[in-house]
Amino acid sequence: NDHDEAASLIHRDQLRGLAALLLSPVLAEPEKPQPYEVMSRIMRLVAWMPAEGRRELQEVLVDDCSEEEVLRGLVRRVRSHCDETVKRAHQMQRLSPEIWEGLMLLQLLWGTNEAIAQRLASSLRSSEWEPDFGQSLSQTLSQLATR
């Protein structure tokens, strides 16, 4: 039962598996039946997992998916699935719980983005590095890399 499985999803290694699934190219086409079902199940698991599990999943995403393109791709993929869910709900003339589960995952990704931005701002504030505007870009980058 999905609810029982979701309740036990609190450990980092389990949640890394969810992050890997979300990044899988298999889920790139939400209009196809199998990718749609897999993404729906992931969203259901995220919605039903305890708050502790969602916090840990967000930390996994912050640590492992913080590159802008990776996070942007995740948001795009989840949003595409949500769009497909709304289309299907409209065709069936009924609201689907999958819509709310998708929004919950989008909210978690928003929180991930906020946490990444806060960490970046904090690390920039704690840096005592002063830019030398007379340096080339490569000199500046190598200087930053040695900090």
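Bear in mind the structure is a predicted one, so any value in this text is a computation, not a measurement.

(A) Just the confidence of the model for the chain, in detail. For the chain, per-residue confidence averages 85 on the pLDDT scale, and 86% of positions sit at 70 or higher. Mean pLDDT across the secondary structure elements of the chain bottoms out at helix α7 (residues 137-145), with 67, and peaks at helix α3 (residues 33-48), with 93.

(B) Region of interest: the pattern of salt bridges. Considering all chains together, one arrives at 12 salt bridges under this definition. For lysine 32, the salt bridge is made with glutamate 29, and the minimal N-O distance between the two is 3.4 Å. The structure contains a network of salt bridges with shared partners spanning Arg12, Glu56, Glu59, Asp63 and Arg119.

(C) Region of interest: the environment of tyrosine 36. The residue tyrosine 36 is located in helix α3 in this model. As a C-alpha pair, tyrosine 36 and threonine 85 span 49 residues in sequence and 8.7 Å in three-dimensional space. Excluding residues within four positions of it along the chain, tyrosine 36 makes contact with Pro30, His81, Glu84, Thr85, Arg88 and Glu98.

(D) Layout of the environment of glutamine 107. Along the chain, the position of glutamine 107 falls in helix α6 (residues 97-126). A residue is classified by how much of its surface remains accessible, and glutamine 107, at 55% relative accessible area, is exposed.

(E) A look at the nonpolar core. Formed by 27 residues in total, the largest nonpolar core has its most connected members in Leu18, Val46 and Leu61. Elements with a minimum of two residues in this core: α2 (12-23), α3, α4 (51-64), α5 (68-92) and α6. What leucine 61 contacts, discounting residues up to four positions off in sequence, is Ala19, Ser66, Leu74, Leu108, Leu109 and Thr112.

(F) Representation of a nonpolar patch on the surface within the structure. Nonpolar side chains collect at one region of the surface, where Leu95, Trp100 and Leu103 lie side by side and expose about 360 Å² of accessible area between them. Residue placement: leucine 103 occurs in helix α6. Relative accessible area serves as the criterion here: at 41%, leucine 103 is assigned to the partly exposed category.

(G) Quick peek at α3. In this model α3 runs 22 Å from its N-terminal to its C-terminal C-alpha over 16 residues, within 8% of the 22 Å that 1.5 Å per residue would give. Taken as a whole, α3 has its buried residues at Pro35, Tyr36, Met39, Ser40, Ile42, Met43, Arg44, Leu45, Val46 and Ala47.

(H) Molecular detail of the packing of aromatic side chains. Scanning the model with the defined rule gives zero aromatic pairs in all. Across from the ring centre of tyrosine 36, 3.6 Å away, lies the NZ or CZ of arginine 88, which sits over that ring.

About the thresholds
- Residues numbered from 1 in each chain as written.
- Predicted model: local features only at pLDDT ≥ 70, side-chain atom pairs only at ≥ 80, totals over all residues.
- Heavy atoms only, no water.
- pLDDT = per-residue confidence, 0-100.
- Helix = DSSP H or I, 4+ residues; strand = E, 2+ residues; numbered from the N terminus.
- Salt bridge = Lys/Arg side-chain N within 4 Å of Asp/Glu carboxyl O.
- Contact = heavy atoms within 4.5 Å.
- Buried < 20%, exposed > 50% of the residue type's maximum accessible area, 1.4 Å probe, protein only.
- Core = buried A, V, L, I, M, F, W, Y, C linked by side-chain atoms within 4.5 Å.
- Patch = residues over 30% accessible without salt bridge, like charges linked within 9 Å, V, L, I, M, F, W, Y side chains within 5 Å.
- Areas by Shrake-Rupley, 256 points an atom, 1.4 Å probe, with all protein chains shown as cover.
- Expected span 1.5 Å × (residues − 1).
- Phe/Tyr/Trp six-rings, centres within 6.5 Å; stacked < 30°, edge-to-face > 60°.
- Lys NZ or Arg CZ within 6 Å of the ring centre and 35° of its normal.

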